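Notes for the structure review
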Protein chains: 2
Amino acid sequence: MTSPEAREEAVLEAVGKRRELVNEALPEELPIQRPERLYEASRYLLDAGGKRLRPTVLLTTAEALADVDPLSQGYREFPTVDASGQPRAPETIDAMAAAVSVEVIQSFTLIHDDIMDDDDLRRGVPAVHMEYDLETAILAGDTLYSKAFEIMLETGAKPDRTVDALEILATTCTKICEGQSLDVDFEERNDVTPEEYLEMVEQKTAVLYAASACLPAILQGADKETIDALYGYGLDIGRAFQIHDDVLDLTVPSEELGKQRGSDLVENKQTLITVHARDQGLEIEDLVDTEDVDAVTEAEIDAAVAELEAVGSISYANETARDLVDQGKGRLEVLPDNEARELLCDIADYLIERGY
Amino acid sequence: MTSPEAREEAVLEAVGKRRELVNEALPEELPIQRPERLYEASRYLLDAGGKRLRPTVLLTTAEALADVDPLSQGYREFPTVDASGQPRAPETIDAMAAAVSVEVIQSFTLIHDDIMDDDDLRRGVPAVHMEYDLETAILAGDTLYSKAFEIMLETGAKPDRTVDALEILATTCTKICEGQSLDVDFEERNDVTPEEYLEMVEQKTAVLYAASACLPAILQGADKETIDALYGYGLDIGRAFQIHDDVLDLTVPSEELGKQRGSDLVENKQTLITVHARDQGLEIEDLVDTEDVDAVTEAEIDAAVAELEAVGSISYANETARDLVDQGKGRLEVLPDNEARELLCDIADYLIERGY
């Protein structure tokens, strides 16, 4: 058995190599063209970094499905297999186009979310509406939105599979909007239940992981059982990812987060942690006095975190994330037993073990 | 020969009947569902009215292509023809879904444009960001965006044609964003040429007319010559539509416009009229003293319009629009000679003869 440290290092290396390839592909799929300022603004957040976790899930799922060794095949001309796992050479798909499309959707949602949430910083740099202006940020997001569809149309998959891929992309975007709407509504409410919170997270965050995981199956023409299992894997790990993100917002130093630690608490954002703590009788609104992220002190955040820990809410969030990851990993048995499938399990673990 | 009045009345009736059918289909394709506030905001502007000109162009083009009498066939199960014009019964398409998709895109762009242009009124009612708030308006637009793709996926056309339809929808949205970006940039410039203005209008406005006109041809599997001719017709009448809109902004009383007359001048928006007038040596920036739409007087607007008329700029805009409409009508010869084709010609005329 491999040590946890060695496993995490292997995941980071695997994610890192795919990130490099995605970073190379992004300017190919999204060149700066006229009107330049619009495309520069559209690329600004993408170029600022990001772990490229969703594209990595997509590319690794493609490898597991095709039963090929990780990184052994070029993603631009990726082999396809039929429903029984037999190769369909010379039919190939551009898996990288699908991966970039998903990352572009993610970037569009971040740009618009930062406007809606009035967040000034993202990935340690100014949000697009701060670096440029509100008008440009709205328009940059809108441009990425249609570009993601254009890019997904370029995988070279057969028309019926392309239609299915576009359908999952469109319904995913709709669900992300619905989830963001619930998230905004929740800020005005103090009676959100854990079930409601998890529904919101599923729509706002997890569906894009789900789409990433099942898109290679759709584009390759896999059977419904496989597509559904991969979608479920993505939903599980996506929810776990968001729950872990909420934990990190409370526990990771501001400089590592790239924004103020505890900002969710200050802005009265619902998380699984606060929803659970309220059930334990804690007065969430009183945990932090200010509603101004720039005015809050580290000591105030420390005290709030201690109270949340005392009622077991942070442990509860960690356990829920762990259960979801284990459930998601179980769904991967539908895939051939190979190295890429192992990697998908390790990525799932990494999503809730990462420190930032 | 029919009198101009009788022709205009016939067009208004034809547009009106299709508008009723589109208005019936809209809530079917876009029901109010959870989260209700998001869907209510998404429907708000659509429900406030609109002439449904783009869906009307789409539905009438479908009739001309299939060589059927206007309104003789249900749009939900519309007959298709092969490249030589022979019916392909029992293959039908849902032309209404395509028409609604185009109108939904139009509504999404209006919601986001009103935020960017800081316009408080639209169709005589508060803009979505005024009736709701900025966050909800951004999100309502984003929701309509993906819903338009979902709806376009439901025409029942063959997968390869659906892929082509989605491609035209995606590239159209990208161009609309590019055009809006140019429009915003132009507000900061005072050296925009007529060519640049027409390029902006093509991208911002005309491409959606072009998509509306050629989508039935794409969905029915018409030949490239037909698709291209219809796209050209849409580009021509769409540019003419926008130029006429710019004229109306100066000449129609505020109460009929649903917003302050002359607001383009006040906000220093470029139009073909101002670009031409500047070429004639007029100081456009001095035409209206204020930059506040609420502060401008009718007398100031009247004086500005008189100056623009004196240098021939309003006539120039009217003539350019007329030339474009005539060019667009000429392209329709690719269609069978039938009543629906006549109606497409009349619609083109109506776009530059309408009084509001």
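The present account deals with the structure reproduced in this document.

Here is what the cut-offs are and how they apply
- Residues numbered from 1 in each chain as written.
- Chains lettered and ligands numbered in written order.
- Predicted model: local features only at pLDDT ≥ 70, side-chain atom pairs only at ≥ 80, totals over all residues.
- Heavy atoms only, no water.
- Salt bridge = Lys/Arg side-chain N within 4 Å of Asp/Glu carboxyl O.
- Helix = DSSP H or I, 4+ residues; strand = E, 2+ residues; numbered from the N terminus.
- Phe/Tyr/Trp six-rings, centres within 6.5 Å; stacked < 30°, edge-to-face > 60°.
- Buried < 20%, exposed > 50% of the residue type's maximum accessible area, 1.4 Å probe, protein only.
- Lys NZ or Arg CZ within 6 Å of the ring centre and 35° of its normal.
- Core = buried A, V, L, I, M, F, W, Y, C linked by side-chain atoms within 4.5 Å.
- Contact = heavy atoms within 4.5 Å.
- Patch = residues over 30% accessible without salt bridge, like charges linked within 9 Å, V, L, I, M, F, W, Y side chains within 5 Å.
- Areas by Shrake-Rupley, 256 points an atom, 1.4 Å probe, with all protein chains shown as cover.
- Lys, Arg positive; Asp, Glu negative; His and termini not counted.
- Charge placed at Lys NZ, Arg CZ, Asp CG, Glu CD.
- Least-squares fit on C-alpha atoms with pLDDT ≥ 70 in both.
- Expected span 1.5 Å × (residues − 1).
- Disulfide = S-S within 2.5 Å.
- Axes fitted to C-alpha atoms, helices over the stretch in contact; angles between N-to-C directions.
- Parallel < 35°, antiparallel > 145°, perpendicular 65-115°, else oblique.

**Thoughts on the pattern of salt bridges**
- Scanning all chains against the criterion turns up 68 salt bridges over all chains.
- The residue Asp326(A) makes a salt bridge to Arg322(A) at a minimum N-O spacing of 3.2 Å. Remark: Arg322(A) and Asp326(A) occur in helix α14 (residues 313-331); sequence separation between them is four residues, near one turn of the helix.
- Its salt-bridge partner being Arg341(B), residue Asp337(B) comes within 3.5 Å of it at the nearest N-O pair.
- What emerges from the salt-bridge pattern is a single network uniting Arg7(A), Arg322(A), Asp326(A), Lys329(A), Asp346(A), Asp349(A) and Glu353(A).

**Brief notes about the packing of aromatic side chains**
- Evaluation of the coordinates by the stated rule reveals twelve aromatic pairs over all chains.
- Taking the centre distance of 6.0 Å and the plane angle of 20° together, the rings of Tyr75(A) and Phe78(A) count as stacked. Like Phe78(A), Tyr75(A) is buried.
- An aromatic cluster is defined as three or more aromatic residues linked by ring pairs; in this entry it consists of Phe108(A), Tyr145(A), Phe149(A), Phe108(B), Tyr145(B) and Phe149(B).
- The ring centre of Phe241(A) lies 5.4 Å from the NZ or CZ of Arg54(A), which sits over that ring.

**Some words on the nonpolar core**
- Formed by 247 residues in total, the largest nonpolar core has its most connected members in Val104(A), Phe149(A), Leu308(A), Val104(B), Phe149(B) and Leu308(B).
- The leading source of residues in this core is helix α8 (residues 194-220) of chain A, at 16 residues.
- Residues contacting Leu308(B), with those up to four places away along its chain left out, are Leu250(B), Leu265(B), Ile273(B), Ala277(B), Leu282(B), Ile284(B), Leu287(B), Ser313(B) and Ile314(B).

**Digging into a negative patch on the surface**
Residues and elements named next belong to chain A.
- On the surface, a cluster of negative charge is contributed by Asp 67, Asp 69, Glu 339 and Glu 342.
- Within the secondary structure, Glu 342 is located in helix α15 (residues 339-353).
- Among the residues examined, Glu 342 registers a relative accessible area of 42% and is labelled partly exposed.

**Description of the relation of the copies chain A and chain B**
- Between chain A and chain B, the superposition needs a rotation of 180° and an axial shift of 0.0 Å, giving an RMSD of 0.0 Å. Seen this way, the second copy is the image of the first under a two-fold rotation axis. Residues of chain A ranked by C-alpha distance from the rotation axis are headed by Pro159(A), positioned 2.7 Å from it.
- Interface overlap between copies is the fraction of interface residues in one copy that are interface residues in the other; for chain A against chain B it reaches 100%, indicating a shared surface.

**What to know about helix α1 (residues 4-29) of chain A**
Residues and elements named next belong to chain A.
- Between its terminal C-alpha atoms α1 stretches 36 Å, which fits the 38 Å expected from 26 residues at 1.5 Å a residue.
- The complete set of buried residues in α1 reads Val 11, Ala 14, Val 15, Gly 16, Arg 18, Val 22, Ala 25, Leu 26 and Glu 29.
- Looking at the buried positions of α1, the neighbouring elements they touch are α2 (36-47), α3 (53-66), α4 (95-116), α6 (134-152) and α15.

**Some words on the state of the cysteines**
- In total, this model carries zero disulfides over all chains according to the counting rule given.
- Here Cys173(A) stays free of any disulfide, with the sulfur of Cys177(A) as its closest cysteine sulfur at 7.0 Å.
- No disulfide involves Cys345(B); its nearest neighbouring cysteine sulfur is the one of Cys214(B), lying 17 Å away.
- Here Cys345(B) falls in the buried class, since its relative accessible area comes to 14%.

**Structural notes on α14(A)**
- A rise of 1.5 Å per residue sets the reference length of α14(A), with its 19 residues, at 27 Å; its end C-alpha atoms lie 27 Å apart and thus fit the reference within 8%.
- Where the residues of α14(A) are buried, they touch α9 (224-251), α12 (272-279), α13 (298-310) and α15 of chain A.

**Quick notes on the packing of α6(A) against helix α4 (residues 95-117) of chain B**
- Viewed as axis vectors pointing N to C, α6(A) and α4(B) meet at an angle of 160°, and their least axial separation amounts to 9 Å. The angle between the axes of α6(A) and α4(B) places the two elements in the roughly antiparallel class. Every residue of α4(B) that contacts α6(A) at Leu134(A), Glu135(A), Ile138(A), Leu139(A) and Asp142(A) is listed here: Phe108(B), His112(B), Ile115(B) and Met116(B).

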